[in-house]
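Listed below, chain by chain, are the residues.
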Amino acid sequence: MSAESARTVATRVVHRVRGGAYASATLDGELRRAGLERRDAALAAQLSYGTLRVLDRLDQAIAPHVRRGIADVDPFVLAVLEVAAYQLFHLSRVPVYALVDEAVGYARAERGPRVGGFVNAVLRK
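What comes next concerns the included structure.

Rules used throughout
- Residues numbered from 1 in each chain as written.
- Predicted model: local features only at pLDDT ≥ 70, side-chain atom pairs only at ≥ 80, totals over all residues.
- Heavy atoms only, no water.
- Helix = DSSP H or I, 4+ residues; strand = E, 2+ residues; numbered from the N terminus.
- Rg over C-alpha atoms; globule rule 2.2 N^0.38 Å.
- Contact = heavy atoms within 4.5 Å.
- Areas by Shrake-Rupley, 256 points an atom, 1.4 Å probe, with all protein chains shown as cover.
- Lys, Arg positive; Asp, Glu negative; His and termini not counted.
- Charge placed at Lys NZ, Arg CZ, Asp CG, Glu CD.
- 1 Å grid on protein atoms, 1.4 Å probe; cavity = no way out; pocket = protein on both sides within 12 Å on 5 of 7 lines; lining within 4 Å.
- Points joined across faces, edges and corners; volume = space filled by probe spheres on them.
- Nonpolar A, V, L, I, M, F, W, Y, C, P; charged D, E, K, R; others polar.
- Axes fitted to C-alpha atoms, helices over the stretch in contact; angles between N-to-C directions.
- Parallel < 35°, antiparallel > 145°, perpendicular 65-115°, else oblique.
- Left-handed = near helix turned anticlockwise from the far one by under 90°.
- Phe/Tyr/Trp six-rings, centres within 6.5 Å; stacked < 30°, edge-to-face > 60°.
- Salt bridge = Lys/Arg side-chain N within 4 Å of Asp/Glu carboxyl O.
- Buried < 20%, exposed > 50% of the residue type's maximum accessible area, 1.4 Å probe, protein only.

Looking at the overall build of the protein chain
Here is step 1: Looking only at helices and strands, the protein chain has seven helices and zero strands in total.
Here is step 2: Order of helices (α) and strands (β) in the protein chain, N terminus to C terminus: α-α-α-α-α-α-α.
Here is step 3: The C-alpha radius of gyration of the protein chain comes to 13 Å, within 12% of the 14 Å expected for a compact globule of 125 residues.
Here is step 4: For the protein chain, the spread of C-alpha atoms along the principal axes amounts to about 40 × 30 × 30 Å.
Here is step 5: For the protein chain, the share of sequence-separated contacts (at least 6 apart) that also reach a separation of at least 24 residues comes to 65%.
Here is step 6: Surface accessibility of the protein chain: about 7,200 Å² in total, with carbon and sulfur atoms responsible for 50%.
Here is step 7: A distance of 3 Å separates the average location of the 18 positive side-chain charges in the protein chain from that of its 13 negative side-chain charges.

Comments concerning empty space enclosed by the protein
Here is step 1: Going through the model one piece at a time under the given rule, you end up with one cavity of 30 Å³ or more.
Here is step 2: Put simply, the largest cavity is a space of about 70 Å³.
Here is step 3: Of all the secondary structure elements, the ones that give two or more residues to the lining of the largest cavity are α1 (6-18), α5 (75-90) and α6 (96-111).
Here is step 4: Of the residues that constitute the lining of the largest cavity, the class distribution is six nonpolar, three polar and two charged.

Brief notes about the packing of helix α2 (residues 23-34) against helix α3 (residues 38-53)
Here is step 1: Where α2 contacts α3, the two axes come as close as 11 Å, and the packing angle between them is 150°. When the interaxial angle is binned, α2 and α3 end up roughly antiparallel. Two packed elements cross with a definite hand, and for α2 against α3 that hand is right-handed. Across the interface between the two elements, Ala23, Ser24, Leu27 and Leu31 from α2 touch Ala41, Ala44, Ala45, Ser48, Tyr49 and Leu52 from α3.

Quick look at the packing of aromatic side chains
Here is step 1: Tallied over the entire structure, the rule returns one aromatic pair.
Here is step 2: Aromatic side chains Phe76 and Tyr106 sit 5.3 Å apart centroid to centroid with 70° between the ring planes, which places their arrangement in the edge-to-face category. With Phe76 in helix α5 and Tyr106 in helix α6, this pair connects stretches of sequence that are 30 residues apart.

Things to note about the pattern of salt bridges
Here is step 1: The final tally for this structure, using the stated rule, is nine salt bridges.
Here is step 2: In this structure, Arg7 and Glu102 form a salt bridge, with 3.4 Å as the shortest nitrogen-oxygen distance. Here the residue Arg7 occupies a position in helix α1, and Glu102 occupies one in helix α6, the gap between them amounting to 95 residues.
Here is step 3: You can call Arg7 partly exposed: its relative accessible area is 21%.
Here is step 4: The buried category is assigned to Glu102, whose relative accessible area is 13%.
Here is step 5: What emerges from the salt-bridge pattern is a single network uniting Glu4, Arg12, Arg16, Glu30 and Arg33.

Written out as structure tokens, the structure is:
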């Protein structure tokens, strides 16, 4: 998996916005840094803004599958789950296996294999 995909850019944007950053400025900066093709940049924007728009509903869908409670999930890992859940519920053209695989791979690369397993378990539920 490329470290600079539309999905990883969107995850970084969601994570930073949840931490208090402004969405449009953050997205612009991340897109410049990533150097994505126009089509991938558009997907990153769609994933970022779409996820942020329905964040509460996504968290409600994720929460029952997190044993210790959603508040205890690492904010970066939560952003991975939220972007993946947005794709599951709102983008019908994305194959489920592909988005799960990319989310798990990104979580594993950034936080280790145990976290990758956690993301896999939550998304498969």
